[in-house]
Amino acid sequence: MRRLPVYILLDTSGSMRGEPIHAVNNSMQVLLSTLRQDPHALDTVHIGLITFDLEARVMQELTPLDAFPQVTLETPNSGPTFLGEALKLVQQKVKSEVRVGSDEGKGDWAPLLFVMTDGKPSDTMVFNEQVQAIKSAGFAAMVGCGAGPSADVTALKRFCTSVAMLDTLDGPGFEQFFKWVSDVIADGSRSQNAGAADVTELPPPPREINIVI
Amino acid sequence: MPPRYLEGRLSRAATVGEYFAAELLEPAGLTRIEVDWPDDADLTFEQDKKSGKWIISGTVQTAKMYEFVFRGTINNKDVAVNLRLPASPDPWTIWKDLPVDWDTLPYPKPDTASFRVEGDGLMIAASRRGRSHAHKALPRDDDTRIYFDTDTGWHIMAVADGAGSAEFSRLGSQTVVETAITELPHLLATHLPDPASADLDTVLYETLGATAGLAADALDDLARDTGQRLQSFSTTLLIGIARKTDDGWFFASISVGDGLVGLIADDNPLMMSADNGEFAGQTTFLRSDLFADKANIAARIHHRTVPDFAAFMLMTDGVSDPMFVSEAATQDPAGWIALYDQIADLDETALLEWLNFKVKGEHDDRTIAILTPPETNK
């Protein structure tokens, strides 16, 4: 069966501590429970979750939506934002997890990438390398979200196909963004099922979200 | 002393009605677990003696977030662990079958269609709106037509798959299959009176190639007449023709886009060239500019002459994707025979029902057209 791989990269650096990470955890739960009411999504969507702070780590390997466990993210007290390392790690995961079509079997649908950060990449050199590399990683769409006043939207613009901006790091903002993420994923599983791999035309975001590109 | 409160973490979530087993990843070091289970779940905790890991297993009955606290012991100290277990519905139970609102959409098309035409062989065809379309109240984008020319003895079958992303592709697919059965009879009568003596490469280009070209022109006309973009009518087109000859049967086909054409007769069932894109789900659609490249069109035409055959079939990818696991499988007669075994005895009404078959992740519109030899009874 053709899977729709979805990679979610979440900033868990120190500045996310407290209410912001709590809001992200809640929003992630809403995202999953919304998608679980969609039979297309249940059939095809697989989600991989990567977090980044002073390191990038796989919180959950690419997992079918129905098996995706409850995950609660935590943050260190302070520290850097290794977005470059996260981009590097997700490319490794795509290479090892996403199936490519061949004579012997059908490939997965082109994967989707979502990145949320409230800061700017601290690992500048790695980030500069990875923004180039990730463009040829085969993602059908790369959606960035810059959350709060310190988010470096310009950095996201360097590789994302769409970038959204949230003014504040609070619950309603994250919820709106994740709601949009679930629309993009559901739309992707549907249009790809229907025979068109064209997910670069994303569904319209909620009014609360300010789309930069 | 009150117990310490901890957050539990499981290795996986559950699906309603489906047995599952998950490992308790956190907290570690539990030597005892005591749970008041929720009513709508049949679950147990067991500790693996070797690894000491706790495994929760069983089934749940409700699609929701199960949340409960269990008591346990870690290092002889009492703990209370909050555990959250998401449970998904069985996807088969939540598909909706919503009617299309034709008051707001142009170019109405029924959700299903089936046809039966008897010639020198028996042709039947069926087309059905996919679950993915029914769930969103979207129309069927596939289409099919079959035709037998009593004057020349040609059997003509056409199937088309309108692109899911194209707004009016249901009209595109209808237009191209109608063009096929309208234009081919006179072209075949003129250019291909006798397959045995013809320069086949030339005359098939002048018949099948020309018909596909006319179908592409018809899409251009639609775009011009309606003022819509040509892409709004995007569709694939598969055409198969067959005629009884003195010593057997002659078959030919042309294909633009995905889906399959096949002949169950010998070791060589596949009668088309793969037209799949680089990524899953990408394909070529019928466009008049394809016809500027004569070699490209010629490569899309296939023909065979065989003494005898069991079935000649055309189908859209809604059928071929779930039925054939790979490109390689489409070249193996076994897969074709396995498919035909499921439908050999079905008439067009039963075939339409069969198109409801359940395969996970495969919910597209489905269309199939089949020609079988004259002795077929159904």
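Residues numbered from 1 in each chain as written. Chains lettered and ligands numbered in written order. Predicted model: local features only at pLDDT ≥ 70, side-chain atom pairs only at ≥ 80, totals over all residues. Heavy atoms only, no water.

J.: Give me the state of the cysteines: which residues, what numbers.
T.: In total, this model carries zero disulfides over all chains according to the counting rule given. Here Cys145 of chain A stays free of any disulfide, with the sulfur of Cys160 of chain A as its closest cysteine sulfur at 9.8 Å. (Disulfide = S-S within 2.5 Å.)

J.: So what's going on with the packing of aromatic side chains? Which residues, and what values?
T.: Residues and elements named next belong to chain B. The final tally for this structure, using the stated rule, is 17 aromatic pairs over all chains. Arranged with centres 5.5 Å apart and planes meeting at 65°, the rings of Trp37 and Phe68 form a pair that is edge-to-face. One end of the pair, Trp37, is in the loop between strand S5 (30-35) and strand S6 (41-47); the other, Phe68, is in strand S8 (residues 65-74), with 31 residues separating them in the sequence. Residue Trp37 is classed as partly exposed on the basis of its relative accessible area of 25%. Look at Phe324 and Trp336: their rings are 4.9 Å apart centre to centre, the planes differ by 45°, and that puts the pair in the tilted class. Of this pair, Phe324 sits in the loop between helix H5 (317-323) and helix H6 (333-343) while Trp336 sits in helix H6, and the two are twelve residues apart along the sequence. The same class applies to Phe324 and to Trp336, which are both buried. Among the aromatic residues, those joined into a ring-pair cluster are Trp37, Phe45, Trp54, Phe68 and Phe70. Across from the ring centre of Tyr66, 4.6 Å away, lies the NZ or CZ of Lys64, which sits over that ring. (Phe/Tyr/Trp six-rings, centres within 6.5 Å; stacked < 30°, edge-to-face > 60°. Helix = DSSP H or I, 4+ residues; strand = E, 2+ residues; numbered from the N terminus. Buried < 20%, exposed > 50% of the residue type's maximum accessible area, 1.4 Å probe, protein only. Lys NZ or Arg CZ within 6 Å of the ring centre and 35° of its normal.)

J.: I'd like to hear about the confidence of the model for chain A, residue by residue, with values.
T.: Detailed reading of predicted coordinates is not advised where the pLDDT is low. In this model, chain A carries a mean pLDDT of 90, and residues with pLDDT of at least 70 account for 94%. Below pLDDT 50 for its whole length, residues 193-199 of chain A participates in 23 contacts with residues either more than four positions away or in separate chains. (pLDDT = per-residue confidence, 0-100. Contact = heavy atoms within 4.5 Å.)

J.: Now, about the sheet that holds strand S2 (residues 9-10) of chain B: what can you tell me, with residues and values included?
T.: A sheet is described by the order of its strands in space; here four strands give the open sequence S2-S4-S7-S6 (chain B), paired in antiparallel fashion. Only two strands of the sheet have a single neighbouring strand rather than two, namely S2 and S6 of chain B. (Pairing = 2+ DSSP bridges.)

J.: Tell me about the environment of Leu87 of chain A, residues and numbers included.
T.: Residue and element names in this part refer to chain A. Tracing the backbone shows Leu87 in helix H3 (residues 83-97). The spacing of Leu87 and Gln130 is 43 residues in sequence and 6.2 Å in space, taken between C-alpha atoms. Leu87 has contacts with Leu9, Phe127, Gln130, Val131, Ile134 and Phe159, leaving out every residue within four places of it along the chain.

J.: An account of the pairing of S8 of chain B is needed here, citing residue identities and associated values.
T.: Residue and element names in this part refer to chain B. Bridging between S5 and S8 involves five bridges; their strand directions are antiparallel. Looking at the pairing, Arg32 lines up with Thr73 of S8. Pairing geometry for S8 and strand S9 (residues 77-88), over ten bridges, is antiparallel. Within S9, the position partnered with Ile74 by the bridge is Lys77. Taking the residues that link successive antiparallel strands as the turn, the S8-S9 hairpin has two residues, and the phi of Asn75 there is positive, at about 50°.

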